[in-house]
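Examination of the molecular architecture
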Amino acid sequence: MSAYSDAFRALTSEPALRPDQAAHLLANLRKEIGEELADDVERDLSGKYRRTATDTDASFRRKRRDYGAAMRVVNAFRKLAASRLPNSTPHQRTRSTS
């Protein structure tokens, strides 16, 4: 079952979720959304950086280099979506010197 339907069922059912259950449910939802987004971007990139008949060898090497850089970002996004760590930055404690 998908994380979407699990979340919907949990939100519409009568017994309230415990905090650990809600965290697990949200983590699964974040992972699934991240995977779907990364897959869509990867599919779009593969079409954008294909070799065309008008490409020279140098322009195709540039396309291949750009595709590699874009895929590194997509894979980093996948890793971030699947991580168990919080994605928010910690509160910055600034001390007043006055």
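Here is a short report on the structure shown in this document. The structure displayed is predicted, hence computed values, not measured ones.

1. Comments concerning the environment of A10
- Residue placement: A10 occurs in helix α1 (residues 3–12).
- A10 sits in the buried class, given a relative accessible area of 15%.
- As a C-alpha pair, A10 and Q21 span eleven residues in sequence and 9.5 Å in three-dimensional space.
- In this view, A10 contacts L17 and L25; residues no more than four positions away in its chain are not counted.

2. Let's talk about the nonpolar core
- Among the nonpolar cores identified, the biggest contains six residues, and these are A38, L45, Y49, A70, M71 and V74.
- Going through the elements one at a time, α2 (19–48) and α3 (57–82) are the ones with two or more residues in this core.
- By size, the runner-up hydrophobic cluster in this structure holds five residues, among which are A3, A10, L25 and L29.

3. A short note on the environment of R65
- Secondary-structure assignment places R65 in helix α3.
- For R65, a relative accessible area of 53% gives the class exposed.
- Between the C-alpha atom of R65 and that of Y49, which follows or precedes it by 16 residues, the distance is 9.6 Å.

4. Structural notes on the side chain of K63
- Relative to the assigned elements, K63 resides in helix α3.
- A distance of 3.1 Å separates a polar atom in the side chain of K63 from the backbone oxygen of R50.
- In contact with K63, not counting residues within four places along its chain, are Y49, R50, T52 and D55.

5. Points about the pattern of salt bridges
- Applying the stated criterion to the full structure yields seven salt bridges.
- The closest approach of N and O atoms between E42 and R78, which form a salt bridge, is 2.8 Å. On the criterion of sequence distance, the pair formed by E42 in helix α2 and R78 in helix α3 is long-range, its members being 36 residues apart.
- With a shortest N-O distance of 2.8 Å, D55 and K63 are connected by a salt bridge. As far as the burial class goes, D55 and K63 line up, both buried.
- What emerges from the salt-bridge pattern is a single network uniting E35, D39, E42 and R78.

6. Describing the packing of α2 against α3
- Put simply, α2 and α3 touch, their axes get as near as 8 Å, and they point 170° apart. Here α3 runs roughly antiparallel to α2, going by the angle between their axes. Contacts between α2 and α3 involve R30, K31, G34, E35, L37, A38, D39, V41, E42, L45 and S46 from the first element and Y67, A70, M71, V74, F77, R78, L80, A81 and A82 from the second.
- Tallied by class, residues from the contact of α2 with α3 come to twelve nonpolar, two polar and six charged.

What counts and how
- Residues numbered from 1 in each chain as written.
- Predicted model: local features only at pLDDT ≥ 70, side-chain atom pairs only at ≥ 80, totals over all residues.
- Heavy atoms only, no water.
- Helix = DSSP H or I, 4+ residues; strand = E, 2+ residues; numbered from the N terminus.
- Buried < 20%, exposed > 50% of the residue type's maximum accessible area, 1.4 Å probe, protein only.
- Contact = heavy atoms within 4.5 Å.
- Core = buried A, V, L, I, M, F, W, Y, C linked by side-chain atoms within 4.5 Å.
- Polar contact = N/O pair within 3.5 Å; in protein donor to acceptor, adjacent residues only side chain to side chain.
- Salt bridge = Lys/Arg side-chain N within 4 Å of Asp/Glu carboxyl O.
- Axes fitted to C-alpha atoms, helices over the stretch in contact; angles between N-to-C directions.
- Parallel < 35°, antiparallel > 145°, perpendicular 65-115°, else oblique.
- Nonpolar A, V, L, I, M, F, W, Y, C, P; charged D, E, K, R; others polar.

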